[in-house]
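Architecture at a glance
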Amino acid sequence: MTTIHPIILCGGSGTRLWPLSRKSYPKQFVPLIGDSSLLQDCAERMQGPKDAPYAKPLILTNDAFRFVVPEQLGAIGIDPGPILIEPEGRNTAPAVLAAALYLAASNPDAIMLVAPSDHVIPDKAAFHQAVTEGARAISDRGDLVTFGITPDRPETGYGYLKLSHAPDTGNTAIALDRFVEKPDLQNAQAMIADGSYLWNSGIFLFAVKDIIAAFKEHASALLDPVGKAVREAKADLGFLRLDPQAWGTVEDISIDYAVMEKARNLSVVPYASGWSDVGSWSAVQELSNPDADGVATTGQVTTIDCRNVLVRSETPTQEVVAMGLENMIAVAMPDAVLVASMDKAQDVKQAVAALKAKGAKQAESLPVDHRPWGWFESLVIGDRFQVKRIHVHPGASLSLQSHHHRSEHWIVVQGTAKVTIDEDVRLISENQSVYIPLGAVHRMENPGKVPMVLIEVQTGSYLGEDDIIRYEDVYARS
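Residues numbered from 1 in each chain as written. Predicted model: local features only at pLDDT ≥ 70, side-chain atom pairs only at ≥ 80, totals over all residues. Heavy atoms only, no water.

1. Re unusual backbone geometry
With an omega dihedral of 10°, the bond running from Trp18 to Pro19 counts as a cis peptide bond. Counting through the fold element by element, Pro19 comes out in the loop between strand 1 (4-10) and helix 1 (38-45). Although it is not a glycine, Val278 adopts a positive phi angle of roughly 45°. Counting through the fold element by element, Val278 comes out in the loop between strand 11 (266-271) and helix 10 (281-287). By relative accessible area, which is 0% here, Val278 ends up buried. (Helix = DSSP H or I, 4+ residues; strand = E, 2+ residues; numbered from the N terminus. Buried < 20%, exposed > 50% of the residue type's maximum accessible area, 1.4 Å probe, protein only.)

2. A few points about the UniProt feature "domain: Mannose-6-phosphate isomerase type II C-terminal" (unreviewed entry) in the chain
The sites that carry the UniProt feature "domain: Mannose-6-phosphate isomerase type II C-terminal" (unreviewed entry) are, in the present numbering, residues 369-473. From the first C-alpha to the last, residues 369-473 spans 18 Å; its make-up is 0% helix and 59% strand. (UniProt positions renumbered as here; feature names shortened; annotations may be inferred.)

3. A closer look at the packing of aromatic side chains
All chains considered together, the criterion is met by nine aromatic pairs. Relative to Phe29, the ring of Tyr25 has its centre 5.6 Å away and its plane inclined at 35°; by these criteria the two rings are tilted. Neither residue differs from the other here; Tyr25 and Phe29 are each classed as buried. An aromatic cluster is defined as three or more aromatic residues linked by ring pairs; in this entry it consists of Tyr25, Phe29 and Phe65. The ring of Tyr197 has Lys162 lying over it, and the distance from NZ or CZ to the ring centre is 5.5 Å. In this structure, Lys388 is placed above the aromatic ring of Phe376, and the distance from its NZ or CZ to the ring centre is 4.0 Å. (Phe/Tyr/Trp six-rings, centres within 6.5 Å; stacked < 30°, edge-to-face > 60°. Lys NZ or Arg CZ within 6 Å of the ring centre and 35° of its normal.)

4. Structural notes on a nonpolar patch on the surface
Together, Ile304, Val321 and Met323 line one region of the surface with nonpolar side chains, adding up to about 300 Å² of accessible area. By secondary structure assignment, the location of Met323 is in strand 15 (residues 320-323). Note on Met323: relative accessible area 59%, which makes it exposed. (Patch = residues over 30% accessible without salt bridge, like charges linked within 9 Å, V, L, I, M, F, W, Y side chains within 5 Å. Areas by Shrake-Rupley, 256 points an atom, 1.4 Å probe, with all protein chains shown as cover. Salt bridge = Lys/Arg side-chain N within 4 Å of Asp/Glu carboxyl O.)

5. Some thoughts on the UniProt feature "domain: MannoseP isomerase/GMP-like beta-helix" (unreviewed entry) in the chain
UniProt records the feature "domain: MannoseP isomerase/GMP-like beta-helix" (unreviewed entry) at residues 299-355, using the numbering of this structure. Secondary structure over residues 299-355 splits into 14% helix and 47% strand, and the C-alpha atoms at its two ends are 26 Å apart.

6. Describing the pairing of strand 3 (residues 83-86)
Residues of strand 3 alternate between two faces, with Ile83 and Ile85 on one and Leu84 and Glu86 on the opposite face, all of them buried. With four bridges connecting them, strand 2 (residues 58-62) and strand 3 associate as parallel partners. Across the sheet, Ile59 pairs through a bridge with Ile83, a residue of strand 3. Between strand 2 and its parallel partner strand 3, the chain crosses via helix 2 (residues 68-75), and the hand of that crossover is right-handed. (Pairing = 2+ DSSP bridges. Right-handed = clockwise from strand over helix to strand, strands pointing away.)

7. A word on the sheet that holds strand 25 (residues 433-436)
Ordered in space as 18-19-20-27-22-25, the six strands form an open sheet in which the pairing is antiparallel. Of all the strands in the sheet, the pair left with one neighbour each is strand 18 (368-371) and strand 25. With direction set aside, neighbouring strand axes in the sheet form an average angle of 20°. Of the strand pairs in this sheet, strand 22 (residues 406-414) and strand 25 are connected by four bridges, and their pairing is antiparallel. Considered in strand 25, the bridge of Ile411 is made with Ser433. (Axes fitted to C-alpha atoms, helices over the stretch in contact; angles between N-to-C directions.)

Now the structure itself:
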């Protein structure tokens, strides 16, 4: 069997699952279903069966997530292949073409398996069987292959694939007749009754040379700027940054619109073993093993006399109690709470837009801010002071920096910190503290093998994160 090269698209913002998923830390990094994130589940699935050759995954993401991706994959023992950094989001067509051109430099006959990082596909073996069927269509006919999900309801939130004929049992590739936009309910019901329509999964399989040829025929305007962005990409700490100037001229367009809806050699592998794009809180409820009354809960939750509800507490110390609710969603975060009717699950992004319009930081930012070295969260914010909890990974270090407007007091509560203050370097253990005067050049490091946690108390006239002058940084941040 030809080696499969997994391509994982990992740049979405996930606004439909607010407040848990936000622009600063979208749904692919969140443990929505179970203990692992959707990205981790995707990467595990892309490992392939033991008897099939799968290469290391090539991942496309953006600058904000470049350290989150290898951190999450490293936590489950997966060593990713190349990580391409998109200077800005340009939708799926440029991303797929960039991956194809990157692979073409070394292996134009390679087969690409392109998948979003935020889908749920529980049956890994069935998924790989479908991939094997798709690979057969590539070797026999040179097709571009997509995967169609056998619908179990008249869904209006998905696009559809109209097949040349209704699928038989099994998952043999079938010629595609056409793509169908998201329908209204009446048309969705008619398509389900017809039997020859499948949901469009957004997962693709094709040979590198074939998809590049398709771009040349149907979306040739993308080739030069994307090609230049790949050729002039710069290596950066194990990542490959696509050239921002060239990438900035690339059209924002999906691969469906750019290529797939125009291609004549496209076939579909039917898949009926469970799939969800986790595109709404109602989908999360369905995937969360609700009880006989349709009640699905996560975290510290108590429900009394409820029917068809999803209730989540995302803070271990926060108890959420729901009484007499029916067809409701309740998601409690430390800084925001969503309460919505279940039939409004597809409209949560409207709430995000409303919050952005009023300037609420909760629209896009979580209270926990992830960094290459770990994370921090603000515990208390006052007029001229702020208290943070800072978590530093083993072996990690913050940049050598100073501040114009604030001084800091650090109290170590777990592990040991190596602290630099101007020319003074010392170790600070649990229950010890150190003062950082305003203007002092300083750094904290975790020299140990366990996480280091400290409480930081900032005081000053301005406490914003942009009051940082970096002199040295192992993560090459400016």
